Amino acid sequence: MTDEEYMQMALDLAEKARGATSPNPLVGCVIVSPDGHVVGKGYHHKAGEPHAEINAMDDAGEKTAGATAYVTLEPCSHYGRTGPCCEALIKAGIKKVVAAATDPNPRVSGRGFRRLEEAGVEVVSGVLADKAYRQNEIFMHYMKTGRPFVALKYAMTLDGKIATVSGDSKWITGVKARTYAHRLRSWYDAILVGRETVAQDDPSLTVRLVEGKNPLRIILDSKASLPLERKVFTDGAADTLLVVTPQALQEKVRAFADLPGVSVLTAAERDGHVDLSDLLQQLAKKDVTSVLVEGGSDIHGAFFDAGLVERVYAFIAPSLIGGNKSRPAIGGQGASTMEQKVTLQEVTTLPLEPDLLVTGLTRKGV
């Protein structure tokens, strides 16, 4: 087998923990003996638990001497919740490490490779780097920018509508698309909607259609005007973060904060609404590395106009609503010229009969 084939095996292992490792990255590792046999496999299961290299070496047992470790991300060299993987690899007698991507974490970046080389371990990096980077686009973005990775998700008709003029939107897409959308929720740290979505639909915002963790539910309600009885505040299915501005009535804020599983965050105000940049900065301090925005047209438009969207998930149904006043997928100001339009990068499609998912990045280098 080639280096690329072993690395693909490691990437496939890493993918098994999708949605479970935050704020850590997805990492897989394969140990190969000097005669080319795979003797150990492992991946990082959850933050605070052993890293991929440790699990792979445990699987290999006493067969690590002189072996090569294929790992999807640069091995760590520092003490965090667990010990440094570099030292464990060296102690196990690993003679060569083949890595896909450099870890952008400033506590690691390049240091892991240097420590291995100092100990006489041969290091090769950059094997399937693009795949490894894309697999960990959330972690990479969070480490490089210091703010959560934001994805915009919506279901729309062929004419770009997410609801009728009356606000009716159940259901635009079929069961397969809705099930996949719930899987997306399990991959992100948080799901965000605005006041109107909660007021009109009273959603649960959980992953009830699939197995996986429920994301943190973030509700934007500048004045804390929503009723306390809505599901997201009372069902106990997941934690809920109500985001208000200084103009919110403090008595109502205290009432929300007293509800089990509900906390309140006060963000800066911009034009009468939550300042989204300030919100993302505050979420980053809470180790929220990713946010899936499932709000209505206005919320989508606000994130889009602010240039804060990194990925788009558009579920397209073969149906039409029509009407000048029915609701578009993205509101706000939008582009005033075609030169200002956003063209998605690295676009992929997935048939979810009878619907179609189109996803891509809003800019290169995300």
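Every value quoted in this text rests on a predicted model; they were computed, and no experiment measured them.

### Focus on the UniProt feature "binding site: Zn(2+)" (unreviewed entry) in the chain
Piece 1. Here the UniProt feature "binding site: Zn(2+)" (unreviewed entry) sits at His51, Cys76 and Cys85. Annotated residues spanning 35 residues; largest pairwise C-alpha distance 9.2 Å, indicating a single compact cluster.
Piece 2. Checked against the element boundaries, His51 lands in the loop between strand E2 (38–43) and helix H2 (52–60).
Piece 3. Within the secondary structure layout, Cys85 lies in helix H3 (residues 85–91).
Piece 4. If near-sequence neighbours (up to four positions away) are discounted, Cys85 is found in contact with His51, Glu53, Ile54, Pro75 and Cys76.

### So, the sheet that holds strand E3 (residues 68–73)
Piece 1. Within the open sheet, the five strands sit side by side as E2-E1-E3-E4-E5. Their pairing is mixed. Looking along the sheet, the strands with just one partner apiece sit at the ends: E2 and strand E5 (122–125). Averaged over all pairs of adjacent strands, the angle between their axes in this sheet comes to 15 degrees, without regard to strand direction.
Piece 2. The strands touched by helix H4 (residues 111–118) are strand E4 (96–101) and E5; relative to E5, the strand with the most contacts, the crossing angle is about 150 degrees.

### Things to note about the layout of surface pockets
Piece 1. The computed volume of the second largest pocket comes to approximately 620 Å³.
Piece 2. In this structure, the second largest pocket is lined by 22 residues; those nearest its centre are Glu15, Arg18, Arg134, Trp187 and Arg311.
Piece 3. Elements represented by at least two residues in the lining of the second largest pocket include exactly helix H1 (3–15), helix H5 (129–135), helix H6 (137–145), helix H7 (175–187), strand E15 (311–317), strand E17 (345–352) and strand E18 (355–361).
Piece 4. The residue inventory of the lining of the second largest pocket, partitioned by class, reads nine nonpolar, five polar and eight charged.
Piece 5. Of the residues that make up the lining of the second largest pocket, three or more belong to each of domain 1 (1–137) and domain 2 (145–359).

### So, the state of the cysteines
Piece 1. Applying the stated rule across the entire model yields zero disulfides.
Piece 2. The thiol sulfur of Cys76 is not disulfide-bonded, and the nearest other cysteine sulfur, from Cys85, lies at 3.7 Å.
Piece 3. Not engaged in a disulfide, the cysteine Cys86 finds its nearest cysteine sulfur in Cys76; these two sulfurs lie 6.6 Å apart.
Piece 4. For Cys86, a relative accessible area of 0% puts it in the buried group.

### Some details on empty space enclosed by the protein
Piece 1. In this structure the tally under the stated criterion is one cavity of 30 Å³ or more.
Piece 2. The space that makes up the largest cavity amounts to roughly 180 Å³.
Piece 3. Taken together, 18 residues form the lining of the largest cavity, with Arg18, Thr21, Asn24, Leu26 and Ile138 sitting closest to its centre.
Piece 4. Ranked by residues supplied to the lining of the largest cavity, first place goes to H6 with three residues.
Piece 5. Taken together, the residues that form the lining of the largest cavity break down as seven nonpolar, eight polar and three charged.
Piece 6. Taken domain by domain, the makeup of the lining of the largest cavity includes at least three residues from each of domain 1 (1–137) and domain 2 (145–359).

### Some thoughts on the pattern of salt bridges
Piece 1. The full count for this structure, using the stated rule, is 14 salt bridges.
Piece 2. A salt bridge links Arg147 to Glu310, with the shortest nitrogen-to-oxygen separation between them at 3.3 Å. Of this pair, Arg147 sits in the loop between H6 and strand E6 (149–157) while Glu310 is found in the loop between helix H12 (297–305) and E15, placing the two residues 163 residues apart along the sequence.
Piece 3. Relative accessible area serves as the criterion here: at 2%, Glu310 is assigned to the buried category.
Piece 4. One salt bridge connects Glu294 with Arg185, and the closest N-O pair in it is separated by 2.9 Å.

### Description of the pairing of E2
For a regular strand, side chains alternate in direction, first toward one face of the sheet and then toward the other.
Piece 1. Direction of pairing for strand E1 (residues 28–32) relative to E2: antiparallel, over a ladder of five bridges. Across the sheet, the residue bridging to Ile31 is Gly40, located in E2.
Piece 2. Counted between consecutive antiparallel strands, the loop separating E1 from E2 contains five residues, among which Gly36 sits at a positive phi close to 90 degrees.

Rules used throughout
Residues numbered from 1 in each chain as written. Predicted model: local features only at pLDDT ≥ 70, side-chain atom pairs only at ≥ 80, totals over all residues. Heavy atoms only, no water. UniProt positions renumbered as here; feature names shortened; annotations may be inferred. Helix = DSSP H or I, 4+ residues; strand = E, 2+ residues; numbered from the N terminus. Contact = heavy atoms within 4.5 Å. Pairing = 2+ DSSP bridges. Axes fitted to C-alpha atoms, helices over the stretch in contact; angles between N-to-C directions. 1 Å grid on protein atoms, 1.4 Å probe; cavity = no way out; pocket = protein on both sides within 12 Å on 5 of 7 lines; lining within 4 Å. Points joined across faces, edges and corners; volume = space filled by probe spheres on them. Nonpolar A, V, L, I, M, F, W, Y, C, P; charged D, E, K, R; others polar. Domains from an automatic or database assignment. Disulfide = S-S within 2.5 Å. Buried < 20%, exposed > 50% of the residue type's maximum accessible area, 1.4 Å probe, protein only. Salt bridge = Lys/Arg side-chain N within 4 Å of Asp/Glu carboxyl O.

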